[in-house]
Amino acid sequence: MDVSAILYSLVGYIIQLSETMKGKLYGVSVGPGSPDLMTLRSKRILEGCDVIGYPVKRSGERSTALSITESVIRLEGRDVREFVFSMDPDDSVRREHEGVAITELISILEKGMDVALIALGDVGVYSTYMYVDRAIRDAGFETEIVPGVNSFSHGASLAGVPLMLGDEGFCVIPMAKGDESRLEMALDSFENIVVMKAFKSIRRIAELMDAHGIPRECAFVMSNVGMDDEYIGLMDTDRDYGYFTTVLIKKESMR
C-alpha cells in the first residue's frame, strides 16, 4: 500500500477519533414546575450525562429548574455545576458572564464529557440556553435541544381553555421591558395572546385591554405554574404575583 495513502487513512482515523472523544451538550427542558411534567426523554438524558449544569442569575442563587430535576432523578454523587448568566442591565457584564460560562462548558466538553444544561419550561421559549447552543456549535461541538412542556400550555390546560381554535391567530410576547407597542399590536391583530414576563405589568395590561374594548374577564393569569404558590385565575390587579407570571388573553369569552 502506498505510504501516502496509509498516512492519509491514519490522519482521517485520528480526526474521526478526536471527534468521537468530544462531549455533547444537551439543552434539557424540565417543564414548568410539577416534576411529573418532565418528559421521559429529558429524564433519560439527565440520567445519562456526565455533568448536569444549571443557570442562575447570581452565584449561590436557588434554581427552580434544579429543584425540579432533583425531584425526578437522584443527584447524590453526580457532577452538578452552577453556571452564572447575569441579568445585569449592562450588556458588557452579561456578555462577560456568558463568556465565562461558555468557556467552562467547552473545557468540560473537550474532556469528552456530556453536559446537560437544564432550563425551566421549554428550552426554546425565552431560554438563555439557546445563546449558549449557538456558541458551542460554532466552537465545533455537537448539541441537542430537548423540548418540554411550557408554562402557558400547562396553564391553559389547568384553566380548561384552549390556546386557539379553528383558524384563530395566536402570538406570544414578553412584557419584561415594559414595551407596550407589541401588546397593543397583538390586541388589534390576534384572537389569542400570551403575555410572558408579566408579573410587574398586570395593571397596565388590564388598562390596555380596557382601551381596546376587551373585557377583563377575558384574561386569565397563570402565575408560578406547578409551584407551591401557584395561582390560576382571573386577573386581579390588586394581587401580588410571582416572577413566573403569564397572562392569557382571549378576545372571546374564556368559558
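Residues numbered from 1 in each chain as written. Predicted model: local features only at pLDDT ≥ 70, side-chain atom pairs only at ≥ 80, totals over all residues. Heavy atoms only, no water.

## Some words on the overall build of the chain
What the chain contains, in helices and strands, is eight helices and 10 strands. Counting only residues that meet the buried cut, the chain has 43% of its 255 residues in that class. Taking the contacts inside the chain whose residues are at least 6 apart along the sequence as the reference set, 68% of them involve residues at least 24 apart. Carbon together with sulfur atoms contributes 51% to the accessible area of the chain, which is approximately 13600 Å² in total. (Helix = DSSP H or I, 4+ residues; strand = E, 2+ residues; numbered from the N terminus. Buried < 20%, exposed > 50% of the residue type's maximum accessible area, 1.4 Å probe, protein only. Contact = heavy atoms within 4.5 Å. Areas by Shrake-Rupley, 256 points an atom, 1.4 Å probe, with all protein chains shown as cover.)

## Focus: the pairing of strand E8 (residues 219-223)
The buried count for E8 comes to five of five residues, which makes it a mostly enclosed element. In E8, alternate side chains face the same way, and those of Ala219, Val221 and Ser223 on one face and Phe220 and Met222 on the other are all buried. As paired strands, E8 and strand E10 (residues 245-250) are joined by five bridges and run antiparallel to one another. Across the sheet, the residue bridging to Phe220 is Leu248, located in E10. Relative to strand E9 (residues 231-234), E8 runs antiparallel, the two sharing four bridges. The residue of E9 that forms the bridge with Phe220 is Leu234. (Pairing = 2+ DSSP bridges.)

## Comments concerning the sheet that holds strand E1 (residues 24-29)
If you trace the five strands from one edge of the open sheet to the other, you get E3-E2-E4-E1-E5, paired in parallel fashion. Edge positions in the open sheet fall to strand E3 (79-84) and strand E5 (142-146), since each of these has one partner strand only. Each neighbouring strand pair of the sheet contributes to a mean axis angle of 25 degrees, computed without reference to strand direction. Across the face of the sheet, helix H4 (residues 91-110) comes into contact with E1, strand E2 (51-56), E3 and strand E4 (115-119) while running at roughly 155 degrees to E3. (Axes fitted to C-alpha atoms, helices over the stretch in contact; angles between N-to-C directions.)

## Brief notes about the sheet that holds strand E6 (residues 170-174)
As summarised here, the arrangement of the five strands in space is E6-E7-E10-E8-E9, forming an open sheet in which the pairing is mixed. The open sheet has two free edges, formed respectively by E6 and E9, since each of these has just one partner strand. Recorded for the sheet is a direction-independent mean angle of 15 degrees between the axes of neighbouring strands. Relative to E10, strand E7 (residues 192-196) runs antiparallel, the two sharing four bridges. Opposite Val195, over in E10, you have Val247 as the bridge partner. Contacting E6, E7, E8, E9 and E10, helix H6 (residues 151-159) runs over the sheet at an angle of about 120 degrees to E8.

## So, the nonpolar core
Of all hydrophobic cores here, the largest spans 23 residues; its most connected members are Leu183, Ile193, Val195, Ile205, Met235, Val247 and Ile249. Mapped onto this core, the elements with two or more residues apiece are E6, helix H7 (180-189), E7, helix H8 (202-211), E8 and E10. Here this core gets five residues from one element, more than from any other, and that element is H8. With residues up to four places along the chain from it excluded, the contact list for Ile249 reads Leu183, Leu187, Glu191, Asn192, Ile193, Val195, Ile205, Met209, Ile214, Cys218 and Ala219. Grouped together as the second largest cluster of nonpolar side chains are 19 residues, Tyr26, Val28, Ile45 and Ile118 included. (Core = buried A, V, L, I, M, F, W, Y, C linked by side-chain atoms within 4.5 Å.)

## Focus on the packing of aromatic side chains
Summed over the entire model, instances satisfying the criterion amount to four aromatic pairs. An aromatic cluster of at least three residues, connected via ring pairs, comprises Phe199, Tyr243 and Phe244. The positively charged end of Lys22 is found above the aromatic ring belonging to Phe141, 4.9 Å away from the centroid. Above the ring of Tyr126, the side-chain terminus of Lys197 is found at 4.6 Å from the ring centroid. (Phe/Tyr/Trp six-rings, centres within 6.5 Å; stacked < 30°, edge-to-face > 60°. Lys NZ or Arg CZ within 6 Å of the ring centre and 35° of its normal.)

## A few points about H6
Listed in full, the buried residues belonging to H6 are Phe152, His154, Gly155, Ala156 and Ala159. Among the structural elements, E6, E7, E8, E9 and E10 are those in contact with the buried residues of H6. Its side-chain oxygen 3.2 Å from the backbone nitrogen of Phe152, Asn150 forms the N-cap of H6. Trailing H6 by a residue or two, Gly160 shows a phi angle of about 75 degrees, which is positive. (Polar contact = N/O pair within 3.5 Å; in protein donor to acceptor, adjacent residues only side chain to side chain.)

## Concerning the pattern of salt bridges
As enumerated under the stated definition, the model contains 17 salt bridges in all. Measuring nitrogen to oxygen at the nearest pair gives 3.4 Å for the salt bridge that ties Glu142 to Lys24. Of this pair, Glu142 sits in strand E5 while Lys24 sits in strand E1, and the two are 118 residues apart along the sequence. As a salt-bridge pair, Arg74 and Glu76 come within 2.8 Å of each other at their nearest N and O atoms. The exposure class of Glu76 is exposed, given its relative accessible area of 63%. Each member of the salt-bridge network shares a partner with another, and the members are Lys24, Arg41, Glu142 and Glu144. (Salt bridge = Lys/Arg side-chain N within 4 Å of Asp/Glu carboxyl O.)

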